[in-house]
Amino acid sequence: MADAPVVAGLARGQLHELYYWMRLTRTLEEKLVALYRQTKVVGGLFRSLGQEADAVGSAYALDRTRGDILSPLIRNLGSMLVQGATPIEVLRQYMAKADGPTHGRELNIHFNDLDRGFLGQTSHLGDMVPVMCGVTMSFKLRREPRVGLVYVGDGAMSTGAFHEGINFAAVQRLPLVIIAENNGYAYSTPMAKQTAVRFLADKAAGYGVAAEQADGNDVVAVYETTRRAVERARAGGGVTLVELITFRRKGHAEHDNQSYVTREELDAWEARDPIDRYVRRLTESGWATAAELATIDARVSGEVDQAVAACENEPLPEGASALTGVFADPPAADLEWYRRL
Amino acid sequence: MADAPVVAGLARGQLHELYYWMRLTRTLEEKLVALYRQTKVVGGLFRSLGQEADAVGSAYALDRTRGDILSPLIRNLGSMLVQGATPIEVLRQYMAKADGPTHGRELNIHFNDLDRGFLGQTSHLGDMVPVMCGVTMSFKLRREPRVGLVYVGDGAMSTGAFHEGINFAAVQRLPLVIIAENNGYAYSTPMAKQTAVRFLADKAAGYGVAAEQADGNDVVAVYETTRRAVERARAGGGVTLVELITFRRKGHAEHDNQSYVTREELDAWEARDPIDRYVRRLTESGWATAAELATIDARVSGEVDQAVAACENEPLPEGASALTGVFADPPAADLEWYRRL
Amino acid sequence: MALVTFLEAIRDGLREEMERDERVFLMGEDIGSFGGAFKVTEGLQDRFGAERVIDTPIAETAFIGAAAGAAHMGFRPVCEVQFIDFLSCAYSILTNYVATARYRAGLKTSLVVRGPSGGYVRGGPFHSQNPEAAYLHTPGLKIVAPATVRDAKGLIKAAIRDDDPVLYFEHKYLYRRIKDDLPYGEDIVTPIGKARLAREGKHLTVVSWSAMVWKVLEAAETLEKEGVSVEVIDLRSLLPFDEESIVTSVKKTNRVLVVHEDTRTGGMAGEITARINERCFEWLDAPVRRVCAHDVPLPYAPTLEDFVLPQTDDIVKAARWMVEY
Amino acid sequence: MALVTFLEAIRDGLREEMERDERVFLMGEDIGSFGGAFKVTEGLQDRFGAERVIDTPIAETAFIGAAAGAAHMGFRPVCEVQFIDFLSCAYSILTNYVATARYRAGLKTSLVVRGPSGGYVRGGPFHSQNPEAAYLHTPGLKIVAPATVRDAKGLIKAAIRDDDPVLYFEHKYLYRRIKDDLPYGEDIVTPIGKARLAREGKHLTVVSWSAMVWKVLEAAETLEKEGVSVEVIDLRSLLPFDEESIVTSVKKTNRVLVVHEDTRTGGMAGEITARINERCFEWLDAPVRRVCAHDVPLPYAPTLEDFVLPQTDDIVKAARWMVEY
Ligand SMILES: Cc1ncc(C[n+]2csc(CCOP(=O)(O)OP(=O)(O)O)c2C)c(N)n1
Ligand SMILES: Cc1ncc(C[n+]2csc(CCOP(=O)(O)OP(=O)(O)O)c2C)c(N)n1
Ligand SMILES: [Mg+2]
Ligand SMILES: [Mg+2]
């Protein structure tokens, strides 16, 4: 009874999970902002405010038990959490801690765990599309019923790497879902300066792949739409380009005051906040009680606070640890002549 | 009366010109084959057999008096001839002569004359699309009513450079016509392994640009279709992707025996030979008499023979001439220490 | 006089060249009304309009290729790469098409590609690179990398006026950290290919460029107190580089250390060492040595970055070793 | 015994590795039923099927990126670049993504990128390149470039078995010009990072690799007749390269010449010179010198190409100069 589908094939518990992941994303990012202001975050800080439904709903459409793998962008923290990345890993990354997943080598959510099902991005936009082609080729070659999912922004779709990758995936009919995040801007550049198409989904026609579109601020719609694409991929139907329409409600990074966006636009999108909307829907449809949501909120806060407390004072890595692991078969230690004197 | 349009706005004399350019292309290439067999062509030899209408008809749609510029591919010899490149230049290039347009530095039809309106390609496929964006940007910035045209093969459309270029042109609404040559193959790779779309023109939708399609073996149709795109560009209507459907009836280069193409396919396309078809149409419609065509043929043969005779025995460049011109402001001569001993 | 930062000097140079030559225009990501990720082009779109300060899609190959096309037609485009690390995305068109255009067929190819380079800012492996070595190997390109406010302005102006493609690497660590008095509107043009003698000395020559010059000068102060007199050459042009100035200095000091921020293997110091060895073999009293970053991708954590990148203290120790040799 | 060409040795190496390890698969343009532009992979699709010998679109970034993704999942892909000149199109993903994947996060990235390199075949500026210097500067990559038939096989097998990304440059001039007896099926694995002593000598060491080794050996014959005994080191691994073998030889001969086909400035000889200078300064009786191509894009005409590329005679003259120094 508790497991009976309520909407979009999702049971009540799953609907609560979606809420949990979105709330966790937002709370964790808010905590990161606080740490950033205390200069504890070493580099830049990137927010997904207003895009939590897009990341969470799409990732939730994958099947973790079957080994599906996704590759997130900087604004897809939520998708990594869904796949099993933990708040403490994210905190350690941002704060460059020795015990972080990359031991201080890489920043923010650039980290990987293929077993849990996420392959962190690198900075060069578009590159993860070809790489995810290879990941999904491996599924195909091994006849595994696994699916890959990769995110790409409105801006990143202008890169050659995106084009080469999606076209390769299309020709090879790889089990790959490409989430095109239409969040209005690439840094300060509005979509109209990035492409002459009206919708990112219009680009599917140029590759002969299936297209889907959804309201990126409606987590259930995102889930449903992505799920369709995932099932298509798993059934051998090849690539789908899924456009999620949403909005980046913060600057490109924490330092950017977003002067190029109007107050009206921000207000309009704030009114469509994916978490607020989902809370309304959950409570109005009777899918969750206010008390249940409050319990989740408390759990989230507790988890985030606990994670911060656990790692805030951890040490940074030892300098010399930077020298290992460039190659699988490491050459002899490489300390410089003048340091050997 | 002689100037009255007969078909597609073309006067009788222009229809004869189209024939002349196609015949010149073919005869010149056939002569190059002979020279290649005599090992007088230094590098590889690339044929456009069966694609002459595509190159000639599209280039003819430009307005040379207005300074339109095109950038050909290896199989667009005809387009360069239309723009004013001469057989002797082409011969000298292939034979690496000192007096050739690049003085032996570059091969085949890789040479430029912006005044006559052609910018030779380089080998890295796709790169000329971005470069032609810049050429046409210059038209726009100077408010000149000029148009650019760039060719791209079914294979080359898989490159990142093509994608970045066409997208840039679309966003900037540049006066650029992009001719997508669907000739069935990229080297040995059939189009189905290059892209999952049915037609190359389908790719236009992904860039928000106009699409056109024509039978690439019908020179008048090619002309008319390209002309429409040229006029759109000149009127400020931006980019058109024009697909020309044709077939590469020779191997990728002279050394390739095209084992991957069936006899039937070759025969079918031979039956659609663009020159033969055009001859039939010209004579059947009364646009040209057999005698007129014979006169053109004789003129072409004469011109080609004369060009060969004029340059066949010309010298190759002096070795040391290789050292100049890397920079506008050349450093002092760069003869190596051991050559100075 | 006006006290301007390194960053403002670049902007002033761009503005002055755009004023004096209408063939100059700018392209890049977010450079228009936003003024660029680091605000180098701030105000320029207001001043020159959206046709001369063009926001592009995220497509480095497209806009650098387009710059070449426009240059062929007589323009002098300046491209901004948001972080110079992303110049790699245009590597092919830059090294194959742009660099060879003049040589192949006499095409005019006067264009500049500029962008923030370098580390010491916790940018991690993809926002901290020093890519000179990747382009050093390309006949047809020029490369400059200013260390001073004056040269920041002088080299951007020289690069724009140059008839060949020039890569201009501006170290982001210097952007707002160094200031100098430059008379407003002074037409400073730093000749490409000429080094700057940043400090005179007798016992050791140190060749360096960009942000490293400041660490070298700091080291030289320390060494001075120990009685070691260091001559510092700020190369500023990396391709072509000023072999003569190096040779002159080495023939005087007989010892030379090359210091660069980039990784060691395949880095530019190798080429410089080879040239010195070819030209001054008989004058050398010690091997030419290099202080460079360790051969690893540049990590993010401050402890790691500081360890990997060369520090003033490394230079001091290396210099001591050199003079004791 | 079977007399095989350089090209057949590569093919045999590929086939043997595909037979012994099902994780190995091939990707590239026209490599399937056509067998590749030079026919290196001829017959392999027939043998191993279209799933293990995959024809790709013209998209070097796509298939090299895909190779990395497949490698992360445990495969060992081998990519063919139709001419190595087009590797530039994948420069960004290769140097940024592929090379750093292990360092950043311990991702398995065992893949090989191979393709025809080099000149002397009238290929013009875009079908003749030697791109080692462009990648030398990238921690995380390995580079090999065989000169002999045996090493052609031994290095492709070693590269495939290596747990790191390896660039394998095969000189197209050698493809069908050299032959050797290799017992059918012999499991030759040439260790990466170890040079080959191609000839012993006393008066001068010449360091070279790939097709140039043959010109160096020819020069050595000539010089022998003049009483000059030349030791020839065939580097075969360029990254990492075998510093120890070079040092040992230089300490014996006290003179060293580096010969490569690539252009001089920023070429790999600079790095080698710097290392020799660092390690053998006291042993050098003459400056380390370089014989390389002139610093121009490689032109097409035979007269020009022959002038620009190093020839045997250039090596002979340089060697004479060295021993007389
Ligand atoms: C190839 C490349 N060029 C430039 C950049 C710098 N850059 C980082 S993020 C960004 C904007 C990305 O916009 P979009 O893809 O829409 O993603 P969003 O930030 O909106 O999520 C830019 C230009 C980069 N990372 N990679
Ligand atoms: C980036 C790049 N990769 C590979 C090649 C090698 N190559 C030259 S022509 C060619 C096939 C081109 O096919 P297409 O674009 O369809 O033109 P067509 O030959 O059919 O006219 C290939 C793969 C190249 N020139 N550039
Ligand atoms: Mg965006
Ligand atoms: Mg084709």
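Computed from a predicted structure; not experimentally measured. (Residues numbered from 1 in each chain as written. Chains lettered and ligands numbered in written order. Predicted model: local features only at pLDDT ≥ 70, side-chain atom pairs only at ≥ 80, totals over all residues. Heavy atoms only, no water.)

**Here's the deal with the relation of the copies chain D and chain C**
At step 1: For the pair chain D and chain C, the superposition axis carries a translation of 0.0 Å, the fit reaches an RMSD of 0.0 Å, and the rotation angle comes to 180°. Both copies of the chain, as the preceding transformation shows, are related through a two-fold rotation axis.
At step 2: A share of 100% of the interface residues of chain D reappears at the interface of chain C, consistent with the copies meeting face to face through the same patch. (Least-squares fit on C-alpha atoms with pLDDT ≥ 70 in both. Contact = heavy atoms within 4.5 Å.)

**What about the pairing of strand β14 (residues 289-293) of chain D?**
At step 1: The buried fraction of β14(D) is high, at 5 of 5 residues.
At step 2: In this region the chain leaves strand β13 (residues 256-263) of chain D, passes through helix α10 (residues 268-280) of chain D and returns to the parallel neighbour β14(D); the handedness of that crossover is right-handed. (Buried < 20%, exposed > 50% of the residue type's maximum accessible area, 1.4 Å probe, protein only. Helix = DSSP H or I, 4+ residues; strand = E, 2+ residues; numbered from the N terminus. Right-handed = clockwise from strand over helix to strand, strands pointing away.)

**Overview of the sheet that holds strand β13 (residues 256-263) of chain C**
Residue and element names in this part refer to chain C.
At step 1: Judged by pairing direction, the sheet is mixed, and its 5 strands sit side by side in the order β9-β11-β10-β13-β14 without closing on themselves. The sheet is open, and its two borders are formed by β9 (196-199) and β14 (289-293), each paired with just one other strand. Ignoring strand direction, the axes of neighbouring strands in this sheet form an average angle of 25°.
At step 2: Sheet topology note: the β13/β14 ladder contains 4 bridges and is parallel. Bridge pairing links V258 to R290 in β14.
At step 3: Helix α12 (residues 312-324) contacts β10 (204-208), β13 and β14 of the sheet and is inclined by roughly 150° relative to β13. (Pairing = 2+ DSSP bridges. Axes fitted to C-alpha atoms, helices over the stretch in contact; angles between N-to-C directions.)

**A closer look at the coordination of the magnesium ion (ligand 4)**
Residues and elements named next belong to chain B.
At step 1: Distances from the magnesium ion (ligand 4) to its protein donors, D154 (OD), N183 (OD1) and Y185 (O), fall at 2.1 Å.
At step 2: Motif for the magnesium ion (ligand 4), donor spacing along one chain: D-x28-N-x1-Y. You can see D154 sitting in the loop between β4 (148-153) and α6 (160-171) and its partner N183 sitting in the loop between β5 (176-182) and β6 (185-186), a full 29 residues away along the chain. The exposure classification of D154 matches that of N183, with both residues buried. (Donors = N, O, S within 2.8 Å, 3.2 Å for Na, K, Ca; no water.)

**Points about the interface of chain D and chain C**
At step 1: Listed per partner, the contact involves 45 residues of chain D and 45 residues of chain C.
At step 2: Both faces combined, the contact of chain D with chain C buries some 3900 Å², and carbon together with sulfur accounts for 59% of it.
At step 3: Our enumeration of links across chain D and chain C arrives at 4 salt bridges.
At step 4: For D:R290, the salt bridge is made with C:E271, and the minimal N-O distance between the two is 2.9 Å. (Buried area = accessible area lost by both parts, 1.4 Å probe. Salt bridge = Lys/Arg side-chain N within 4 Å of Asp/Glu carboxyl O.)

**Description of the interface of chain D and chain B**
At step 1: Contact residues are listed per partner, giving 42 residues for chain D and 42 residues for chain B.
At step 2: A per-residue breakdown of the area chain D buries against chain B is headed by D:I58, D:Y300 and D:F307, which together make up 22% of the total.
At step 3: Residues B:K193 and D:D55 are paired through a salt bridge, measuring 3.1 Å at the closest nitrogen-oxygen approach.
At step 4: If you look at where chain D meets chain B, you find 12 residue pairs in polar contact (both at pLDDT 80 or more).
At step 5: If one sorts the elements of the side of chain D that touches chain B by residue count, helix α11 (residues 302-308) of chain D sits on top with 5 residues.
At step 6: Split by residue class, the side of chain D that touches chain B holds 24 nonpolar, 8 polar and 10 charged. (Polar contact = N/O pair within 3.5 Å; in protein donor to acceptor, adjacent residues only side chain to side chain. Nonpolar A, V, L, I, M, F, W, Y, C, P; charged D, E, K, R; others polar.)

**Concerning the packing of helix α3 (residues 60-72) of chain C against helix α4 (residues 91-98) of chain C**
All names here are of chain C.
At step 1: Axis separation between α3 and α4 bottoms out at 8 Å; the angle between their running directions is 25°. When the interaxial angle is binned, α3 and α4 end up roughly parallel. Read as a crossing pair, α3 and α4 show a hand that is right-handed. Here α3 contributes T61, I64, G65, A68 and H72 to the contact with α4, which in turn contributes I93, L94, Y97 and V98.
At step 2: Considered class by class, the residues forming the contact of α3 with α4 number 6 nonpolar, 3 polar and no charged. (Parallel < 35°, antiparallel > 145°, perpendicular 65-115°, else oblique. Left-handed = near helix turned anticlockwise from the far one by under 90°.)

**Focus: the site of ligand 1**
At step 1: A:R75, A:S123, A:N183, A:Y185 and C:E60 are the nearest of the 19 residues found near ligand 1.
At step 2: The environment of ligand 1 is shared, with nearby residues belonging to chains A and C.
At step 3: A:S123 is positioned such that a nitrogen or oxygen atom in its backbone is 2.8 Å from a nitrogen atom of ligand 1.
At step 4: About the coverage of ligand 1: the protein hides 94% of its 590 Å² of free accessible area.
At step 5: A class-by-class count of the residues in the shell around ligand 1 yields 8 nonpolar, 7 polar and 4 charged. (Near = heavy atom within 4 Å. Areas by Shrake-Rupley, 256 points an atom, 1.4 Å probe, with all protein chains shown as cover.)

**Section: the site of ligand 2**
At step 1: In the region of ligand 2, 19 residues are neighbours, and B:R75, B:S123, B:N183, B:Y185 and D:E60 sit closest.
At step 2: What surrounds ligand 2 is not a single chain but chains B and D.
At step 3: In the model, an oxygen atom of ligand 2 is placed 2.9 Å from a nitrogen or oxygen of the B:A156 main chain.
At step 4: Contacts to ligand 2 include D:E60, whose side-chain N or O atom sits 2.7 Å from a nitrogen atom.
At step 5: In isolation ligand 2 exposes 590 Å². Once the protein is present, 94% of that is buried.
At step 6: Its residues placed into classes, the shell around ligand 2 shows 8 nonpolar, 7 polar and 4 charged.

**Points about the packing of helix α1 (residues 12-37) of chain B against helix α10 (residues 290-311) of chain B**
Residues and elements named next belong to chain B.
At step 1: At a minimum axis distance of 9 Å, the contact between α1 and α10 shows a crossing angle of 40°. Of the possible angle classes, the one that applies to α1 and α10 is oblique. Handedness of the α1/α10 crossing: right-handed. In this structure, α1 uses R12, H16, Y19, Y20, R23, L24, T27, L28, K31 and L35 to contact α10, whose residues at the interface are E292, L293, I296, D297, R299, V300, E303, V304, D305 and V308.

**Brief notes about the confidence of the model for chain A**
At step 1: Looking at chain A, pLDDT values average 95 and 96% of them are 70 or higher.
At step 2: Contacts for the low-pLDDT stretch residues 337-341 of chain A, under 50 throughout, to residues beyond four places or in other chains number 20 contacts. (pLDDT = per-residue confidence, 0-100.)

**Here we look at the nonpolar core**
At step 1: Formed by 185 residues in total, the largest nonpolar core has its most connected members in C:I64, C:L235, D:I64 and D:L235.
At step 2: Ignoring sequence-local partners within four residues, the contact set of D:I64 consists of D:C79, D:V81, D:L87, D:A90, D:I93, D:L94, D:V98 and D:V113.
At step 3: Residues A:V33, A:Y151, A:V242 and A:A288 belong to the second largest nonpolar core, which totals 66 residues. (Core = buried A, V, L, I, M, F, W, Y, C linked by side-chain atoms within 4.5 Å.)

**Thoughts on the pairing of strand β4 (residues 148-153) of chain A**
Residue and element names in this part refer to chain A.
At step 1: Of all the 6 residues making up β4, 6 are buried; the element is thus mostly covered by neighbouring parts of the structure.
At step 2: Of the two faces of β4, the one holding G148, V150 and V152 and the one holding L149, Y151 and G153 are both buried throughout.
At step 3: As paired strands, strand β3 (residues 69-71) and β4 are joined by 3 bridges and run parallel to one another. Counted as the bridge partner of S71 is V150 from β4.
At step 4: Relative to strand β5 (residues 176-182), β4 runs parallel, the two being bridged by 6 bridges. Bridged to G153 within β5 is E181.
At step 5: At this point the chain moves from β4, through helix α6 (residues 160-172), to the parallel β5, and the crossover so formed is right-handed.

**A closer look at the environment of C:M212**
Residues and elements named next belong to chain C.
At step 1: One can find M212 in helix α8 (residues 212-225).
At step 2: Here M212 falls in the buried class, since its relative accessible area comes to 1%.
At step 3: When the C-alpha atoms of M212 and Q82 are compared, they prove to be 22 Å apart, with 130 residues separating the residues in sequence.
At step 4: The residues touching M212, leaving out its near neighbours within four places in the chain, are Y120, V259, H260, E261, P310 and I315.

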